[in-house]
Amino acid sequence: MKLSEVEIAKDKSNYLRGTIRESLSNDVTGALYHDDTHLIKFHGSYQQTDRDIDSERKAQKLEPLYSFMIRVRVPGGVATPAQWLRMDELADEFGNNTMKLTTRQAFQLHGIYKKSLKPAIQGFNQVLLDSIAGCGDVNRNVMCNPNPYLSPFHEEVYQMSAKISEHFTPKTSAYWDIWLNGEQLSDKSANDLVSSVITQAVEHDDEPIYTKHYLPRKFKIALAIPPYNDVDIFANDIGLVAIEENGNLTGYNVAIGGGFGMTFGMPDTFPRLASMIGFVGKDKVVDVCEKVLTIQRDWGNRENRKFSRLKYTIERVGLDVFVNEMQNRLGFALDLPKPFTFKSNGDSFGWSKNTNGNFNLTLFIEGGRIVDKAEYKLKTALKKVAELNDGDFRLTGNQNLMICNLTVTSKKFAEKILEQYGVLQETFKQTGLRLNSIACVALNTCTLAFAEAERYLPSLIDKIDVIVRELKLEKENIVIRMTGCPNGCARPYLGEIAFIGRAIGKYNMYLGASHSGERLNKLYKEMLDENGMLNELRIVLSDYAQNKTSDERFGDFTIRKGYVKATEHGRDFHK
Amino acid sequence: MQAPLGLDTQVLNDLFIRYDDKQLLWLSGYLYGLSVAKNATGFGADTKLAPGIIGNGIAEKLPPVTILYGSQTGNTKKAAQKAGEQIKAKGFDVNVMDMAEYPTKKLKDEKLLFIVVSTYGEGEPPAAAEELHKFITGTRAPKLPDTKFAVLALGDSSYVEFCKTGVDFDTKLEALGAKRLTPRVDCDVDWHDKADEWIESVLNSLEIPKSSSNGYAITSLTNGAVKTLEKKVEYSRKTPFAAEILEKIQLNGRGSTKETWHLEFSLADSGIVYTPGDALHILPTNSERIVAEILKVSQLDPKTVIEWESGTSTLGEVLLNKVELSVITRDFLKKYAEINTGSSFIVHRSSLEADPKKLHEYVYGRDVVDVLNEFPTDLTAQTLLSCLKKMPSRAYSIASSLSAHPDEVHLTVGAVRYEKYGRAKQGVASGFLADRKNIGDSVNVFLETNEFFKLPKDNKTDILMVGPGTGIAPYRAFVEERAETGAEGKNWLVFGNPHFTTDFLYQSEWQNYLKKGVLTRLDLAFSRDQAEKIYVQHRLLQKSKQVWEWINNGTTLYVCGDKNKMASDVERAFVAIAQKEGSLTEEKATEFIKNLKKTRRYLEDVY
Ligand code: SRM
Ligand SMILES: Cc1cc2nc3c(=O)[nH]c(=O)nc-3n(C[C@H](O)[C@H](O)[C@H](O)COP(=O)(O)OP(=O)(O)OC[C@H]3O[C@@H](n4cnc5c(N)ncnc54)[C@H](O)[C@@H]3O)c2cc1C
Ligand SMILES: Cc1cc2nc3c(=O)[nH]c(=O)nc-3n(C[C@H](O)[C@H](O)[C@H](O)COP(=O)(O)O)c2cc1C
Ligand code: SF4
């Protein structure tokens, strides 16, 4: 057995410490020592370069412009106004003046130079945010429907996501040692800066759940309350569907083995939706998650990272064998899954009212990027709303933002601010297609990108919008997703329309996912340039406008009309 | 052909197979020389032969194999290493190397060269291969008549430019005269099998025939070529050498407040021989803009015909090419006073004359246009020219080692640009190089040797080099030279500039030297990266203990760059270190440092 490079780095790392300290104090380079670039992911940060100027700088005999992305965990996507304000401030002080709301309801700061990492991390630590396990071979930010008004037991499900998140947070004190001089904020639930107690972190250097080598690969969990699947639970290693019986939350349907990364030209890599394996009562759900995670810990592939996600472990041993092992370790069997229906994996925009009389607002944030542009000062507007210090800020799984639980008075103020800066108008004027768009980060920071995504999709949609409006489809909620590579960060394989980057300016086009996130799409055309994409879309959208049945979703239509075959299982994705 | 005198044909055969034409030719001369020497002095059996060339050694002496990989994500590295292991198993001496670390000038000496390279972007070389790729596809690529090669290309057939970089190497190596041992193999995403096939055919092509039926005839004996000693040629301001610009790079990253140019000039056929520490002089011409400004304020016609250096010329031509306009001197003011006899200028000038400090302040940042503007007078072409001085050359510390870059000289030039007295101005020489000359253009240059600012004679002596800004230039030459000669002395560099991200001149080169251990220490002072300003002297003070240790170990100290402020600040820092670490009084410490200067263990190249 030949362990992968990352496994060796983990092994040598003394619970994720490695030589990060030495890396930070080396002032000859803006980069870390090689092994530390793997380890720092577990601390929530990636080393990146400004790819726009890589070759320019090389010619200038300068190293690439290294900087770091930090991913700040927000379980269930819920942040306080104080936390929002701090992130806003840190983006300006240490980052590239933007915040990215991710597809997993987290914050990302980009463009942080090595020497600013520590002050930045300390900066959000003060508002009780951390980036532990933001990335790395551990359980990632746990997702949950952000919208409290959707369901009376939303709070309960949200609390469960926080509990799962807490349960799987690594216990090593490396993070506190390295970034916070050994100080750990002891009361994680306290939101008040002044009263939060700082204590010396306990020297925790064993990992009861993960053990020394952590997981073979990243691990993801999401919880959804039907009929809303806005967190795309089937894209996760574990997807939990809240089940209501007689007005009570009884437990969760459990689906396992979802995951999206694949590599072009390697048909044995593929996106896979999680398989439904049964129902579990709410008191046992953490236990079930732990067993699934630890079996993956023990059985997952540690030699080739291309095949180390849970989905491949399940494909390798068989779902039955996996579930058997899980039930053996649990000491009980799961019940049959309970019936439920998902309607959509998108967000619903605009104002809504809570049972307590307070108000929620969902805003469309293009590409999840909070930035001030000359003509559109989104960042400032949201900062002003946060300064009202009321309600909370909820990041959706579609890179959008909810401002929740505003009192009537705050609502009035917020509305005024948002109108003044054109933010409300920006949400309300969009076509259904744009409102249902997401794009991954891609260039210029993502090291893995082959093509543009976030920076390009808006202008492509400008052109698609012309077609959509011509065809009078502007009200149709059509899910469109773009990524700069096949890793699938914007969950493109669940896009009714998806463009996945192959090379600069060249995309593969996929069609046929269901609108509810329950069926993968399929390759329709390869290596299209912009004209190619627009031409193909015009054909299919025209057909849709003329021949769709009354409630027919675009994804279902493309299957019915045979543009692509339905993908029944990840294994058949390439067929 | 029949071998004479009962020679072992097997030995001759081996020689033929193992050595290329040039080597055989050399060998023939060498043997001839040996035979002559033997006859003359009666050398017996103990005559020393070059090891491994003749005799028993010969069977083991296979030509060295170089395998270069250009990889981004590691695939080609793996393939190259695999090939390396298998070729090594055949008894070859194999060097598997990252292209990024390969000194391109070694290329021409390669006998057996294998290239394993992937393709990125849209048909571009991976970053690690960029330099070599540029080198072999560029104008400076050497002819490779003695090289045998083969190429393995990795790529992805879904790209339009499938395996383009591999193709580039393959065709270009052939074009340079190298002989292809086995056809190029292009691998798709599943590269392993095809890579194995390639390795297989490489191994076959390397198979050494056990015996060969036709012997080799040594038909003529030639003496080894006599290397003619290069004669040092004297170039000067009057008779400069026109050096072609081979490369021109802005070293500061985007957003920098600085503008520093790296320039590479060709010295081919000049006979110029320099050593690190020398300076190169540039003879610039003025910008059209300043000439236009002069003509405007003086209201003179550029076409005015004038006498110039025992001939005739036009005013415009002389102003552009022959005289200095960007700098004014006391002498200029004096001569101008002979023409501008108005009382206001005369009064002004005598007040400057009376106070050198004021004079200095006055000339700093003023050019000829400023003076003509401020104190106008009626001018003719002749009177104007009578005040001006012939364009002086500007010196630049040489930033390269001739052994690292044969036939080239490199400079590090800071562009002088500033706004003063209502006009945007530029330095004449730095502006000339930055704005008006490009790759392919020629520039008039001559060498100025510097006898003292030199590497220590003893290459075991440690050196400590302090050089912020363009002061780094000669140290690039020093370190290159020490790397080339394998000098054992330790090398410590202290550099400073405003910002780490944009102003770390030659960053990637220094990183490389650190990695290789050529550079022992590198301390950096980026003055504007934090609230308080940190300069090189602060770094020296912070490391005072080590500095003192180095000094006590006989280190030679070098300071290069800004004369006005930096050089004295640094000297004060050294004095303070001597005080603190050597427990000397200020007076003694000052004397100690003075003495170092006197004994030329503390050298300066400041301007
Ligand atoms: C920010 C985000 C996209 C966005 O625009 O919102 C993102 C950004 C990156 N993802 Fe992702 N992923 C993000 C959600 C996803 C998702 C969607 C999801 O989880 O719901 C997926 C697909 C689901 C899955 O995990 O399979 C996803 C699958 C990947 C993969 C492929 C994993 C695989 O199993 O093959 C990689 C590459 C890898 O891990 O080797 C990756 C890697 C990356 C990296 C860190 C690139 C890298 O490894 O160097 C990207 C950083 C870009 C940058 O400059 O910020 N990202 N990534 C999302 C952050 C989520 C979070 O807050 O944690
Ligand atoms: C031995 C030696 C080695 C050298 N090595 C290098 C080297 O490696 N790299 C390098 O870049 N230079 C080096 N120099 C300096 C170089 O010779 C030139 O002096 C420099 O490039 C400026 O020349 P210029 O023709 O561009 O400017 P000039 O036309 O000579 O103009 C210079 C004048 O502009 C004015 N001025 C400049 N800056 C300002 C300002 N900010 N505000 C107001 N007025 C200003 C001053 O009046 C100054 O005298 C070296 C000098 C010497 C003597
Ligand atoms: C962004 C990107 C661009 C690429 N462009 C090309 C290309 O233009 N032509 C090609 O043949 N291969 C291309 N490739 C494929 C690589 O050459 C191939 O993956 C190779 O195996 C990488 O080898 P390495 O790991 O040694 O770098 C590209 C790969 C990436 C990630
Ligand atoms: S999908 Fe690919 S390009 Fe986009 S962020 Fe993820 S890894 Fe980067």
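None of the values given here were measured: they were computed from a predicted structure.

1. Focus on the overall build of chain A
Helix and strand counts for chain A come out as 18 helices and 24 strands. The globule rule puts the C-alpha radius of gyration for 575 residues at 25 Å, and the 23 Å found for chain A is close to it. C-alpha atoms of chain A, sized along the principal axes, occupy 65 × 60 × 55 Å. Going through the 575 residues of chain A one by one, you find that 62% of them count as buried. Considering only residue pairs separated by 6 or more positions, chain A has 68% of its internal contacts joining residues 24 or more positions apart. Of the roughly 21400 Å² that chain A leaves accessible, carbon and sulfur atoms contribute 50%. One finds the centroid of the 73 positive side-chain charges in chain A at a distance of 3 Å from the centroid of its 73 negative side-chain charges.

2. A closer look at the overall build of chain B
Secondary structure assignment for chain B yields 21 helices and 21 strands. A buried classification covers 48% of the 607 residues belonging to chain B. A separation of at least 24 residues holds for 75% of the contacts in chain B among residues at least 6 apart in sequence. Here chain B displays about 30400 Å² of accessible surface, and carbon together with sulfur accounts for 52% of that area.

3. A look at the coordination of the iron atom of ligand 1
Coordination of the iron atom of ligand 1 by the protein comes from a single atom, Cys489 of chain A (SG), at 2.2 Å. Structurally, Cys489 of chain A can be placed in the loop between β21 (480–483) and β22 (497–503).

4. Describing the sheet that holds strand β10 (residues 238–245) of chain A
Residue and element names in this part refer to chain A. Reading across from one edge, β6-β9-β10-β11-β12 is the order of the 5 strands in this open sheet, with mixed pairing throughout. The strands lining the two open edges of the sheet, one partner per strand, are β6 (143–144) and β12 (275–281). As paired elements, β6 and strand β9 (residues 221–224) share 2 bridges and run parallel to each other. The residue of β9 that forms the bridge with Cys144 is Leu223. Contacting β11 (248–256) and β12, helix α11 (residues 319–330) runs over the sheet at an angle of about 20° to β12.

5. Comments concerning the pattern of salt bridges
As enumerated under the stated definition, the model contains 79 salt bridges over all chains in all. Lys164 of chain B is the salt-bridge partner of Asp168 of chain B, the closest N and O atoms lying 3.3 Å from each other. One end of the pair, Asp168 of chain B, and the other, Lys164 of chain B, are both in helix α5 (residues 164–175), 4 residues apart, so they sit about a helical turn from each other. Judged by its relative accessible area of 13%, Asp168 of chain B is buried. One salt-bridge network, in which partners are shared between bridges, spans Glu7, Lys10, Asp137, Arg302 and Arg305 of chain A.

6. Considering the packing of helix α9 (residues 285–299) of chain A against α11 of chain A
Residues and elements named next belong to chain A. Across the interface, α9 lies against α11 with an axial gap of 9 Å and an inter-helix angle of 120°. By the criterion of interaxial angle, the relationship of α9 to α11 is oblique. α9 and α11 meet at a crossing whose hand is right-handed. From α9, Asp287, Val288, Lys291, Val292, Thr294, Ile295, Gln296, Asp298 and Trp299 reach across to α11, where they touch Val321, Phe322, Glu325, Met326, Arg329 and Leu330. Considering only residue class, the contact of α9 with α11 consists of 8 nonpolar, 2 polar and 5 charged.

7. Quick notes on the interface of chain B and chain A
Often, the extent of an interface is quoted as the loss of accessible area on bringing the components together. Facing 27 residues of chain B, the contacting portion of chain A comprises 24 residues. Interface of chain B and chain A: buried area, both sides summed, is about 2200 Å²; carbon and sulfur atoms make up 50% of it. On inspection of chain B and its partner chain A, the count reaches 2 salt bridges. Between Lys61 of chain A and Glu509 of chain B there is a salt bridge, with the nearest N and O atoms lying 2.9 Å from each other. Put simply, chain B and chain A have 12 residue pairs in polar contact (both at pLDDT 80 or more) between them. Those elements that place two or more of their residues in the side of chain B that touches chain A are α4 (127–137), β7 (241–250), α16 (500–503), α17 (507–516) and β19 (521–526) of chain B. Here the side of chain B that touches chain A gets 5 residues from one element, more than from any other, and that element is α17 of chain B.

8. A short note on the sheet that holds strand β15 (residues 369–370) of chain A
Either a parallel or an antiparallel arrangement is found when strands of a sheet pair, and the pairing is made through backbone hydrogen bonds. Residue and element names in this part refer to chain A. Strands sit in the order β1-β2-β5-β4-β15 across an open sheet of 5 strands; the sheet is antiparallel. Edge positions in the open sheet fall to β1 (45–49) and β15, since each of these has one partner strand only. Here 5 bridges tie β1 to strand β2 (residues 66–72), and the two strands are oriented antiparallel to one another. Considered in β2, the bridge of Gln47 is made with Phe68.

9. What about the site of ligand 3?
Ser71, Thr73, Thr76, Thr119 and Cys163 of chain B are the nearest of the 20 residues found near ligand 3. The environment of ligand 3 is shared, with nearby residues belonging to chains A and B. Within the backbone of Asp156 of chain B, a nitrogen or oxygen atom sits 3.0 Å from a nitrogen atom of ligand 3. Between Cys163 of chain B and ligand 3, the recorded distance is 2.7 Å, taken from a backbone N or O atom to an oxygen atom. Considering ligand 3 on its own, with 650 Å² of exposed area, one finds that the protein chains cover 90% of that surface. Tallied by class, residues from the shell around ligand 3 come to 6 nonpolar, 11 polar and 3 charged.

10. What about helix α19 (residues 544–552) of chain B?
Residues and elements named next belong to chain B. Taken together, the buried positions of α19 are occupied by Ser544, Val547, Trp548, Trp550 and Ile551. Buried residues of α19 fall within an arc of 160° about the axis and therefore sit on the same side. Immediately beyond the C-terminal end of α19, within one or two residues, lies Gly554, with a positive phi of roughly 90°.

11. Structural notes on the pairing of strand β9 (residues 279–283) of chain B
All names here are of chain B. Across the 5 residues of β9, 5 count as buried, placing the element largely inside the fold. By the alternation rule, side chains of β9 split into Ala279, His281 and Leu283 and Leu280 and Ile282, which are all buried. As defined by bridge partners, β9 adjoins strand β16 (residues 442–448) across 5 bridges and the pair is classed as antiparallel. For Leu283, the partnering residue across the bridge sits in β16 and is Asn444.

12. Some points on the environment of His43 of chain A
All names here are of chain A. Mapping His43 onto the fold places it in the loop between α3 (34–42) and β1. On the accessibility criterion, His43 (2% relative accessible area) is buried. For the pair His43 and Ile70, spaced 27 residues apart in sequence, the C-alpha separation works out to 8.6 Å. With sequence-adjacent residues up to four places away left out, His43 is seen in contact with Leu16, Ile20, Ser131, Ile132, Ala174, Tyr175, Ile178 and Trp179.

13. Here we look at helix α11 (residues 356–363) of chain B
Residue and element names in this part refer to chain B. Restricting attention to buried positions, one finds in α11 the residues Leu359, Tyr362 and Val363. The arc enclosing the buried residues of α11, seen along the axis, measures out at 85°, which places them on a common side. Turned more than 90 degrees away from the buried face of α11, the exposed residues are Lys357 and His360. Next to the buried residues of α11 lie α9 (330–339), α10 (343–354) and α12 (368–374). Note on α11: the residue one or two positions beyond its end, Gly365, has a positive phi of about 85°.

14. Thoughts on the side chain of Thr172 of chain A
With respect to the helices, strands and loops of the structure, Thr172 of chain A is situated in the loop between α7 (154–167) and α8 (174–179). According to the relative accessible area criterion, Thr172 of chain A is buried, its value standing at 8%.

15. Looking at the confidence of the model for chain A
Across chain A, the average pLDDT comes to 93, with 96% of residues at 70 or higher. The model gives residues 186–203 of chain A a pLDDT under 50, and that stretch makes 32 contacts with residues more than four places away or in other chains.

16. Side note on a negative patch on the surface
Negative charge collects at one region of the surface, where Asp268 of chain A together with Asp190, Asp193 and Glu197 of chain B lie side by side. Judged by its relative accessible area of 59%, Asp190 of chain B falls in the exposed class.

So, how was this worked out
Residues numbered from 1 in each chain as written. Chains lettered and ligands numbered in written order. Predicted model: local features only at pLDDT ≥ 70, side-chain atom pairs only at ≥ 80, totals over all residues. Heavy atoms only, no water. Helix = DSSP H or I, 4+ residues; strand = E, 2+ residues; numbered from the N terminus. Rg over C-alpha atoms; globule rule 2.2 N^0.38 Å. Buried < 20%, exposed > 50% of the residue type's maximum accessible area, 1.4 Å probe, protein only. Contact = heavy atoms within 4.5 Å. Areas by Shrake-Rupley, 256 points an atom, 1.4 Å probe, with all protein chains shown as cover. Lys, Arg positive; Asp, Glu negative; His and termini not counted. Charge placed at Lys NZ, Arg CZ, Asp CG, Glu CD. Donors = N, O, S within 2.8 Å, 3.2 Å for Na, K, Ca; no water. Pairing = 2+ DSSP bridges. Axes fitted to C-alpha atoms, helices over the stretch in contact; angles between N-to-C directions. Salt bridge = Lys/Arg side-chain N within 4 Å of Asp/Glu carboxyl O. Parallel < 35°, antiparallel > 145°, perpendicular 65-115°, else oblique. Left-handed = near helix turned anticlockwise from the far one by under 90°. Nonpolar A, V, L, I, M, F, W, Y, C, P; charged D, E, K, R; others polar. Buried area = accessible area lost by both parts, 1.4 Å probe. Polar contact = N/O pair within 3.5 Å; in protein donor to acceptor, adjacent residues only side chain to side chain. Near = heavy atom within 4 Å. Arc of directions from axis to C-beta. pLDDT = per-residue confidence, 0-100. Patch = residues over 30% accessible without salt bridge, like charges linked within 9 Å, V, L, I, M, F, W, Y side chains within 5 Å.

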